[in-house]
Amino acid sequence: MKKYIALLLAAVMVLGLFAGCGSNDAAGNDEGGKNTAVKIGFIFLHDENSTYDKNFIDAANAAKEALGLSDDQVIFKTNIGESNDCYEAAADLADRGCNIVFADSFGHEPFIAKAAKEYPEVQFCHATGTTAHTAGLPNLHNAFANIYEGRYLAGIAAGMKLNEMIEAGEFTAEEAKIGYVGAFTYAEVISGYTSFFLGARSVCPSATMEVQFTGSWYDETAEKEAANTLIQRGCKLISQHADSMGAPTACETAGVPNVSYNGSTVAACPNTFIVSSRINWAPYFEYIVNCVASGEEIAADWCGGTAEGSVVLSDINEQAAAAGTAEAVEAAAAKLASGELKVFDTATFTVNGETPTSFMADVDTDDAYTPDTEAIFDGYFHESEMRAAPYFTLMIDGITTLNEK
């Protein structure tokens, strides 16, 4: 099996892509190539027990190594809640000499913005946020990636597995129901489960989906209960946008195939894990360090694409995946890279029985989340093109949400 499938099939080295933002030889490096001009502090919502935060932590360590940063140039703060604790952590990092502060959770944003106002000489970067491009603060930055493409490809792997089980007589095509454990009814989650479903249905047209929300990014008990509820309701395969091992372990216990998120769970779930998609944050971390080192501006709203290696899939677990999965995923990845395939092609889904031709999305977020930007044109929904963070909130046919959180 090919190792570590990237969406372009050949990831481009990020340092070569961002020539305008410096390199390891930029001003501030010593003769050995070590960057001495930057000190970066990271704020994580949880710790390595969360698959979400572990993904960020691993990327931060990878960027540290790639850039040659020393231990005293990188500070981690873990288990920092979406509260004033985040502001205090950010202020402490600034006071300790960090000229870049990065926070990894959506709810950190207002507290990071508060710190950015008080420490104008420090660059504050935030994952999944929505307001940097309208805030008017030159030192406040949002970042995300086109993870909907990764989820679509993971969905193809799921659809291939459904087809295999149908052909084996385990259930009928009409019974091909997917279960999805979601954290909140945010655009990020809706965009994610919809792209996953569209990927699955591209190879298994009879597939449907039920979504159970937990109301938390990380609640192992609630995620396990949600997965078990979906299994009891007849779901034949489970995926998730939540951060613990709750759903994967429930699947392993029940013998139900699982597509995880933010990293492979094959070690704990060897019999049921198929594949995982994730955002690779290392390119962004290298980008912001190199920008600061060379005195270049960091983009207010940055979205990593496939060429940067910012969206990747884990190895496919051949023990659980259907035959031909790798080939099907690679073929779709090539079409995504060429532009031949659009994840949210409006010809592939309906809303209330009709093909959508217009949708005003909330791109320039205000307190009321007022729709302000047309997102459907040229035959597809232009996700993450007008703002990095997702804004797809259409409720398409074939997906049923069981609760609201």
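Before reading on, note that the structure itself is shown above.
In what follows, the accompanying structure is described.

## Describing the packing of helix α3 (residues 84–95) against helix α4 (residues 109–118)
Helix packing for two helices is described by the angle between their axes and how far apart those axes are.
Then comes step 1: The contact between α3 and α4 brings their axes to 8 Å, and the two run at 35°. Where α3 crosses over α4, the handedness of that crossing is right-handed. Contact residues: Asn84, Cys86, Tyr87 and Ala90 in α3; Phe111, Ile112, Lys114, Ala115 and Glu118 in α4.
Then comes step 2: Residues belonging to the contact of α3 with α4 are distributed by class as follows: six nonpolar, one polar and two charged.

## Considerations on the packing of helix α6 (residues 147–167) against helix α11 (residues 325–338)
Then comes step 1: With their axes 9 Å apart at the nearest point, α6 and α11 run at an angle of 150° to one another. As far as their axial angle goes, α11 and α6 are roughly antiparallel. As α6 runs across α11, the sense of the crossing is right-handed. Contacts between α6 and α11 involve Glu149, Leu153, Ile156, Ala157 and Met160 from the first element and Thr325, Ala328, Val329, Ala332, Ala333 and Leu336 from the second.

## A few points about unusual backbone geometry
Then comes step 1: The backbone of Thr128 shows a phi angle near 75°, a positive value even though the residue is not glycine.
Then comes step 2: Mapped onto the secondary structure, Thr128 falls in the loop between β4 (123–127) and α5 (132–135).
Then comes step 3: Take Thr128: its relative accessible area is 5%, and that puts it in the buried class.
Then comes step 4: Look at Asp378: it is not a glycine, yet its phi comes out positive at around 60°.
Then comes step 5: Tracing the backbone shows Asp378 in the loop between β15 (376–377) and β16 (380–381).

The rules behind each value
- Residues numbered from 1 in each chain as written.
- Predicted model: local features only at pLDDT ≥ 70, side-chain atom pairs only at ≥ 80, totals over all residues.
- Heavy atoms only, no water.
- Axes fitted to C-alpha atoms, helices over the stretch in contact; angles between N-to-C directions.
- Helix = DSSP H or I, 4+ residues; strand = E, 2+ residues; numbered from the N terminus.
- Left-handed = near helix turned anticlockwise from the far one by under 90°.
- Contact = heavy atoms within 4.5 Å.
- Nonpolar A, V, L, I, M, F, W, Y, C, P; charged D, E, K, R; others polar.
- Parallel < 35°, antiparallel > 145°, perpendicular 65-115°, else oblique.
- Buried < 20%, exposed > 50% of the residue type's maximum accessible area, 1.4 Å probe, protein only.

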